Amino acid sequence: MASSTTGDVLSEAQTGKTSKKTKHQVDESELLTVPDGWKEATFTKDDNPRGLLEESSFATLFPKYREAYLKECWPLVEKALGDAHVKATLDLIEGSITVCTTKKTYDPYAIVRARDLIKLLARSVPFEQAVRILQDDMACDIIKIGTLVRNRERFVKRRQRLIGPKGSTLKALELLTNCYVMVQGNTVSALGPYNGLKEVRKVVMDTMKNIHPIYNIKTLMIKQELFKDPDLRMQSWERFLPKFRHRNLAKRREPKKKSAKKEYTPFPPSQPESTVDKELATGEFFLRESVKKRKKMEEIKVKQAEALTKKQEERNKAFIPPKEKPLMKKTNKESKLDIEAIKEKVKKAKTKKLGAPPVNPAPPTGSTVGKKKKSKTKANHRLAPW
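In this report, we go over the structure that sits alongside the text. Every chain begins its residue count from 1, and numbering advances along the sequence as written. Whole-chain, interface and lining totals are the exception, using all residues; otherwise, since this is a predicted model, local features are given only for residues with pLDDT of at least 70 and side-chain atom pairs are given and counted only at 80 or more. Only hydrogens and water are set aside; all other atoms, that is, all heavy atoms of the structure, feed into the side-chain values.

1. Observations concerning the side chain of R159
Test applied: For the purposes of this entry, the term helix denotes a DSSP run of H or I that reaches at least four residues, the term strand denotes a run of E that reaches at least two, and both are numbered from the N terminus. Note on classification: 1.4 Å probe, protein chains only; a residue is buried when its accessible area is under 20% of the maximum for its type, exposed when over 50%, partly exposed between these limits. When charges are counted, Lys and Arg contribute as positive and Asp and Glu as negative, whereas His and the chain ends are disregarded. Salt bridge, as applied in this entry: a Lys or Arg side-chain nitrogen positioned within 4 Å of an Asp or Glu carboxyl oxygen. Contacts between residues were defined by any pair of non-hydrogen atoms, one from each residue, lying within 4.5 Å.
Mapped onto the secondary structure, R159 falls in helix α5 (residues 152–163). For the buried R159, which has no salt bridge, the nearest side chain bearing the opposite charge is E153, at an N-O separation of 13 Å. Not counting chain neighbours up to four residues away, the residues in contact with R159 comprise I145, V183, G185 and M208.

2. Overview of the side chain of T187
Its place among the elements puts T187 in strand β6 (residues 187–192). When neighbours within four sequence positions are excluded, T187 is seen to be in contact with R123, I142, I143, K144, I145 and M182.

3. Describing the packing of aromatic side chains
Convention followed: Each pair of aromatic rings taken from Phe, Tyr and Trp, with Trp reduced to its six-membered ring, is defined by centres within 6.5 Å and is described as stacked if the planes are under 30 degrees apart, edge-to-face if over 60, and tilted in the remaining cases.
Applying the stated criterion across every chain yields a total of 2 aromatic pairs. Seen in terms of ring centroids, F43 and Y106 are 6.4 Å apart; in terms of plane orientation they differ by 10°. Their pairing is stacked. Note that F43 is positioned in the loop between α1 (2–32) and β1 (57–61) and Y106 in the loop between β3 (96–101) and α3 (110–122), a separation of 63 residues in sequence. When its relative accessible area of 36% is taken as the criterion, F43 is described as partly exposed.

4. Regarding the sheet that holds β1
Definition in use: Here, a strand pair is defined by DSSP locating no fewer than two bridges between the strands. Between N-to-C directions, angles cover 0 to 180 degrees, with each direction set by a line fitted to C-alpha atoms, over the stretch in contact for helices.
The antiparallel open sheet is built from 3 strands, whose spatial order is β1-β3-β2. Only two strands of the sheet have a single partner each, and these edge strands are β1 and β2 (86–91). Going across the sheet, the axis of each strand differs from the next one's by a mean of 15°, ignoring polarity. Sheet topology places β1 next to β3; 5 bridges connect them, and they run antiparallel.

5. With respect to the pattern of salt bridges
Under the definition given, this model contains 8 salt bridges. Measuring nitrogen to oxygen at the nearest pair gives 2.9 Å for the salt bridge that ties D136 to R113. Of this pair, D136 sits in the loop between α4 (127–130) and β4 (139–144) while R113 sits in helix α3, and the two are 23 residues apart along the sequence. Of the residues examined, R113 reaches a relative accessible area of 11% and is grouped as buried. Note that E225 and K228 form a salt bridge whose closest N and O atoms lie 3.5 Å from each other. Highlighted residues: E225 and K228, both in helix α8 (residues 213–228), separated by 3 residues, approximately one helical turn. Each of D107, R113 and D136 takes part in salt bridges that share partners, so that together they form one network.

6. Structural notes on the sheet that holds strand β5 (residues 180–184)
Hydrogen bonds between backbone atoms are what pair the strands of a sheet, whose relative direction is either parallel or antiparallel. Strand order across the open sheet formed by 3 strands is β4-β6-β5, with antiparallel pairing between neighbours. Either end of the sheet is taken by a strand with one partner, and the two such strands are β4 and β5. In this sheet, adjacent strand axes meet at a mean angle of 15° when their direction is disregarded. Relative to β6, β4 is paired through 6 bridges, and the arrangement is antiparallel. Within β6, the residue paired with C140 across the bridge is L191.

7. Focus: the nonpolar core
Selection rule: Here, the term nonpolar core denotes a set of buried Ala, Val, Leu, Ile, Met, Phe, Trp, Tyr and Cys residues that are joined through side-chain atoms within 4.5 Å.
Grouped together as the largest cluster of nonpolar side chains are 27 residues, with contacts concentrated most on V77, L81, V86, V99, L117 and L121. Among the secondary structure elements, those contributing two or more residues to this core are α2 (67–83), β2, β3, α3, α4 and β5. The leading source of residues in this core is α3, at 9 residues. Contacts of L121, omitting those with residues within four sequence positions, involve R66, L70, V77, F127 and A130. Core analysis: the next-biggest nonpolar cluster, separate from the first, contains 21 residues, A139, C179, I217 and L220 among them.

Printed below as a string of structure tokens:
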């Protein structure tokens, strides 16, 4: 009995341990997934009632063409930053915007958001979109693309490829990442959630590296569909994602004309013979000048005679008549005519009657037969051309 009780206790202890392990595993999996609709609590004045110890400020320059727009929307900027107790100043003479904290500022991260706001405004982002950076779940990313491509024409083409025809590629990227993307000059300004900004940066960098954005957009679309399925959230998505290969790198194009490389020799090539050496070898060096001139003239005359004969041959080619084809085809003498077959064909042709048969044929009589023969002969006389 004692042994049975001890066995039960051990089994209970073991089962208890296993149940604890399973509970622990479930808790970890639950912690990894964020529940839908969950938001972090906002930072209020109660979290930091004493305020900030030091005053901090940021400043940024803006181009001349943004001056008119900033003048118009500046009251709205001051109002939006005033709610966060951040002071903003616009200097049109210097062309700069400055933001700084005040004594009432309680949120230490508010000045960082204000800095991002003025950066976005200076980079041609409209105020309606730039104000969203003051929200807790929003962030911005300014991607510098000016130094990624050396050739200016190539850079412009790749930047236009990112925008797409009538901005369709950029619009698709915005819908998939829930971010606002603005391409201006040598920078790309993105505004949205952190996960979306990460994807936008990847697409922009790949486009500048000559990878078409449509490939990344396709993968984002597949990821968006996979994320909707709760069973696949914790699994790897590599088997579902497409794998694009570089076609040009796999098979290198071979040139049409291949130049065979000469064998390497450490010794330099032999020095070419001079004209004096050649004359010494042939014996012309010891001849008189008059004899040399006469020899040259004879060589020139021989070359001229050869050229004249070639020209004359080319001219005479036009007067040579072409070979005529035979008009009559050669018949095989061995093939004999079948006279009997021809006679049978003639007999059959004579028996055939011309014209359509009558609708109501009458029985043939003696008088009618004679009339028919006469009518046939008349008809034949009319039809015959002779």
